[in-house]
Amino acid sequence: MSSWATFGGDLHLDLDAGRAGGLGLRAALEDALRTAVRDGRLASGTRLPSSRALAADLGIARNTVAEAYTQLVAEGWLMSRQGSGTVVAERGPQPAPADPPPGLRPSPPVRHDLKPGSPDLSRFPRGAWLAAARRALATAPHDAFGYGDPRGRIELRRALAGYLARARGVRTDPERLLICTGVQQGLGLVCAALREQGLGAVAVEAYGLPPQHRVIAAQGLAMRPLPLDEGGAVTSELARTDAGLALLTPAHQFPLGMPLRAARRAAAVDWARQVGGYLLEDDYDGEFRYDRHAIGAMQALDPDRVVYAGTASKSLAPGVRLGWLALPAALVEPVTRHKQLADGQSGALEQLTLAELIDSGGYDRHIRRSRQLLRRRRDRLVEVLAARAPQVRVTGISAGLHAVLELPEGSPGEEELRSRALRSGLRLHTLGWSRADGATRPPDRPPALVIGYGTPPDHAFEAALDALCALLGA
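Criteria and thresholds
Residues numbered from 1 in each chain as written. Predicted model: local features only at pLDDT ≥ 70, side-chain atom pairs only at ≥ 80, totals over all residues. Heavy atoms only, no water. Helix = DSSP H or I, 4+ residues; strand = E, 2+ residues; numbered from the N terminus. Contact = heavy atoms within 4.5 Å. Phe/Tyr/Trp six-rings, centres within 6.5 Å; stacked < 30°, edge-to-face > 60°. Buried < 20%, exposed > 50% of the residue type's maximum accessible area, 1.4 Å probe, protein only. Lys NZ or Arg CZ within 6 Å of the ring centre and 35° of its normal. Disulfide = S-S within 2.5 Å. Patch = residues over 30% accessible without salt bridge, like charges linked within 9 Å, V, L, I, M, F, W, Y side chains within 5 Å. Areas by Shrake-Rupley, 256 points an atom, 1.4 Å probe, with all protein chains shown as cover. Salt bridge = Lys/Arg side-chain N within 4 Å of Asp/Glu carboxyl O. Pairing = 2+ DSSP bridges. Core = buried A, V, L, I, M, F, W, Y, C linked by side-chain atoms within 4.5 Å. Axes fitted to C-alpha atoms, helices over the stretch in contact; angles between N-to-C directions. Parallel < 35°, antiparallel > 145°, perpendicular 65-115°, else oblique. Left-handed = near helix turned anticlockwise from the far one by under 90°. pLDDT = per-residue confidence, 0-100. Expected span 1.5 Å × (residues − 1). Arc of directions from axis to C-beta.

Peer 1: Tell me about the overall build of the chain, and name the residues and values.
Peer 2: The helix and strand tally for the chain stands at 14 helices and 19 strands. In terms of overall dimensions, the chain has a C-alpha envelope of 85 × 55 × 45 Å along the principal axes. Here the contacts in the chain between residues at least 6 apart in sequence split such that 71% fall between residues at least 24 apart.

Peer 1: Could you give me a rundown of the packing of aromatic side chains, with the residues and numbers involved?
Peer 2: Scanning all chains against the criterion turns up three aromatic pairs. With 5.9 Å between their ring centres and 90° between their planes, Phe 254 and Tyr 284 make a pair best called edge-to-face. Here Phe 254 is found in the loop between strand 11 (245-248) and helix 9 (262-275), whereas its partner Tyr 284 is found in the loop between strand 12 (278-282) and strand 13 (306-311), with 30 residues between them in sequence. Note on accessibility: Phe 254 and Tyr 284 belong to one class, buried. Cation over ring: Arg 305 sits above Tyr 278, and NZ or CZ is 4.8 Å from the ring centre. The side chain of Arg 377 reaches across the aromatic face of Phe 461, ending 5.0 Å from its centre.

Peer 1: Give me the lowdown on the state of the cysteines, citing residues and values where you can.
Peer 2: Disulfides are covalent bonds that connect the sulfur atoms of two cysteines. What the rule picks out here adds up to zero disulfides. Of the cysteine sulfurs around Cys 180, a residue in no disulfide, the closest is that of Cys 191, at 13 Å.

Peer 1: I'd like a description of a nonpolar patch on the surface, backed by residues and values.
Peer 2: Together, Leu 137, Phe 145 and Leu 349 make up an exposed nonpolar region whose accessible area comes to about 300 Å². In this structure, Leu 137 sits in helix 5 (residues 126-139). Leu 137 gets classed as partly exposed once you look at its relative accessible area, which sits at 46%.

Peer 1: Could you give an account of the pairing of strand 4 (residues 85-88), naming the residues involved and the relevant values?
Peer 2: Summarising the sheet, strand 3 (residues 78-81) and strand 4 pair through four bridges and their orientation is antiparallel. Bridging across to strand 4, Arg 81 finds its partner in Gly 85. Where strand 3 hands over to strand 4, the hairpin turn is made up of three residues, of which Gly 83 adopts a positive phi near 80°.

Peer 1: Can you tell me about unusual backbone geometry, naming the residues and giving the values?
Peer 2: A cis amide bond links Phe 254 to the next residue, Pro 255, at an omega of 5°. In this structure, Pro 255 sits in the loop between strand 11 and helix 9. Backbone geometry places Arg 321, a non-glycine residue, at a positive phi of 55°. Within the secondary structure layout, Arg 321 lies in the loop between strand 13 and strand 14 (323-326). Judged by its relative accessible area of 41%, Arg 321 is partly exposed.

Peer 1: Any details on the nonpolar core? Residues and values, ideally.
Peer 2: By size, the foremost hydrophobic cluster in this structure holds 55 residues, and its most contacted members are Leu 316, Trp 324, Leu 354, Tyr 363 and Leu 472. With seven residues, helix 14 (residues 458-471) is the single largest residue contributor to this core. Not counting chain neighbours up to four residues away, the residues in contact with Leu 316 comprise Pro 119, Phe 124, Pro 125, Trp 129, Leu 354, Leu 357, Tyr 363 and His 366. Judged by nonpolar contacts, the second largest core, of 53 residues, contains Leu 189, Val 190, Leu 226 and Val 404.

Peer 1: Report on the packing of helix 12 (residues 362-388) against helix 14, specifying residues and quantitative values.
Peer 2: The N-to-C vectors of helix 12 and helix 14 enclose an angle of 30°; their axes lie 11 Å apart at closest approach. In terms of orientation, helix 12 lies roughly parallel with respect to helix 14. Considering how the two elements wind past one another, helix 12 and helix 14 form a crossing that is right-handed. Note on element contacts: helix 14 touches helix 12 through Asp 458, Phe 461, Glu 462, Leu 465, Asp 466, Leu 468 and Cys 469, opposite Leu 373, Arg 377, Arg 380, Leu 381, Val 384, Leu 385 and Arg 388.

Peer 1: Any chance you could break down the sheet that holds strand 16 (residues 402-406) for me, citing the residues and the numbers?
Peer 2: The strands making up a sheet associate through hydrogen bonds between their backbones, and the pairing can be parallel or antiparallel. The sheet built from four strands is open, its strands ordered 15-16-19-18 with antiparallel pairing. Of all the strands in the sheet, the pair left with one neighbour each is strand 15 (393-395) and strand 18 (429-430). Helix 12 contacts strand 15 and strand 16 of the sheet and is inclined by roughly 155° relative to strand 15.

Peer 1: An account of the confidence of the model for the chain is requested, with residue identities and associated values reported.
Peer 2: Here the chain shows a mean pLDDT of 91. Residues at 70 or above account for 93%. Every residue in residues 4-8 scores below 50 in pLDDT, and together they form 17 contacts with partners more than four places removed in sequence or on other chains.

Peer 1: An account of the environment of Asp 270 is requested, with residue identities and associated values reported.
Peer 2: One can find Asp 270 in helix 9. The class of Asp 270 is partly exposed, set by a relative accessible area of 34%. Counting along the chain gives 102 residues from Asp 270 to Arg 168, while the straight-line C-alpha distance between them is 21 Å.

Peer 1: Lay out helix 2 (residues 25-38) with the relevant residues and their values.
Peer 2: Taking 1.5 Å of rise per residue, the 14 residues of helix 2 would be expected to cover 20 Å, and the 20 Å separating its terminal C-alpha atoms lies within 8% of that figure. All of the buried residues in helix 2 are Ala 28, Leu 29, Glu 30, Ala 32, Leu 33, Arg 34, Ala 36 and Val 37. Where helix 2 terminates, the next one or two residues include Gly 40, which has phi positive at roughly 90°.

Peer 1: Tell me about the sheet that holds strand 14, residues and numbers included.
Peer 2: Spatially, seven strands are ordered 6-14-13-12-11-7-8 in an open sheet, and the strand pairing comes out mixed. The open sheet terminates on both sides in strands that have one partner only, identified here as strand 6 (177-180) and strand 8 (222-226). Adjacent strand axes in the sheet meet at a mean angle of 20°, parallel and antiparallel pairs treated alike.

Peer 1: Go over the environment of Arg 157 with me, naming the residues and quoting the values.
Peer 2: Assignment of secondary structure puts Arg 157 in helix 6 (residues 154-168). We classify Arg 157 as buried; its relative accessible area is 3%. Taking C-alpha positions, Arg 157 is 7.9 Å from Ala 355, a pair spaced 198 residues apart along the chain.

Peer 1: Can you explain the side chain of Arg 445? Please cite residues and give values.
Peer 2: Mapped onto the elements, Arg 445 comes out in the loop between strand 18 and strand 19 (448-452). Beyond its immediate stretch of four places on either side in the chain, Arg 445 contacts Tyr 207, Leu 228, Leu 256, Glu 406 and Leu 431.

Peer 1: I'd like to hear about helix 13 (residues 414-423), residue by residue, with values.
Peer 2: Listed as buried for helix 13 are Glu 414, Leu 417 and Ala 421. On an axial view of helix 13, the arc spanned by its buried residues comes to 65°, and they lie on one face. Each element contacted by the buried residues of helix 13 is listed here: strand 17 (426-427), strand 18, strand 19 and helix 14. Backbone geometry just downstream of helix 13 places Gly 425 in the positive-phi region, at approximately 85°.

As structure tokens, this is what we get:
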């Protein structure tokens, strides 16, 4: 096996396979070049090295290479151009690629995106991020680029410990923080660690995030849905389950949008203490409350029984791939061990950059700007619907990146509306999409849509609202 690097790029040529099949050296080279063209590794128009250069790279006679080129030109694989050397010939139409599996097929074209769970990606703070990355790289120790602590870079864990205490009331320290790729991975790590300790079931809110439900199922754990009402999850039902872990969204329930009442927070913590279990607090958008100061994290009630999970996916962008867990002391070792097994560690450069962004105040400034923008967008959504679709009720507290739109009696069903939306190029979610397996829809709960008003870029927001109103018949 050999490769060349004399014309600006490497190409692996497997000559040994041809020789093993009984081909001579020239025939093996011809076969390897045909394979490279056929597989697309040598695209049409690619200039090949001279016969002298390739012969030197492969350690074979120049005549062998020249004869191979001549043969492939005759067969139409290559073309010889005066003054341009030898290039890969243009190929005719290629067979269409096989259809991807159903789960990987592209979605219908989207003109208006109102899916929940994502910020406006056009507002990612590129300048502040780039400046923070430059400062972080200039001062990063050499060991930052090697294999490090699976819990994450100490610079980010220190920065987060201070930020979370100040902004969310979290009681932790850098030694009990673990950096992961997001809440979804963090949930999987906690489930894996607790499953080793005998966990068999996880209590979840009756409506939540299906990707998180799939993580729980992938760990071989059962789900025990908790009913929801205007006070959030009915945590008194925890005692009726065999769960040892409860996944909750206390600051802003996803998707219904209410906070968990103080008495229910305390009851959930009491349950965890009594059964020796744990709570996992998904604080996915806790910084974004618009009508009052944000409610502090439930984790502060008992840091030894509550795992706090946060993410940069809503505050910055999902593509940053950074989340964090504030762990009870007893879970630090087993969760860290599973993080190491999963992927070793999260990306060091992103961690160093976020640490610098937090320490410099850039993260706080971005959060304040985002909070103002999102409040205006939510107010505009409510205003437009009140004027054009007054029969639709916007529910949930003034917070986060999404709102639930309860539909009036006689409206088309959720799935019918979702199908109509897709046909018109509008992407959104229905309330039914978020219902946990085994959870029943309360008979008095009307059909509803979950609208992500944080998703569209500024220039497309009004058009997205127009498309939504058209869907609602307004």
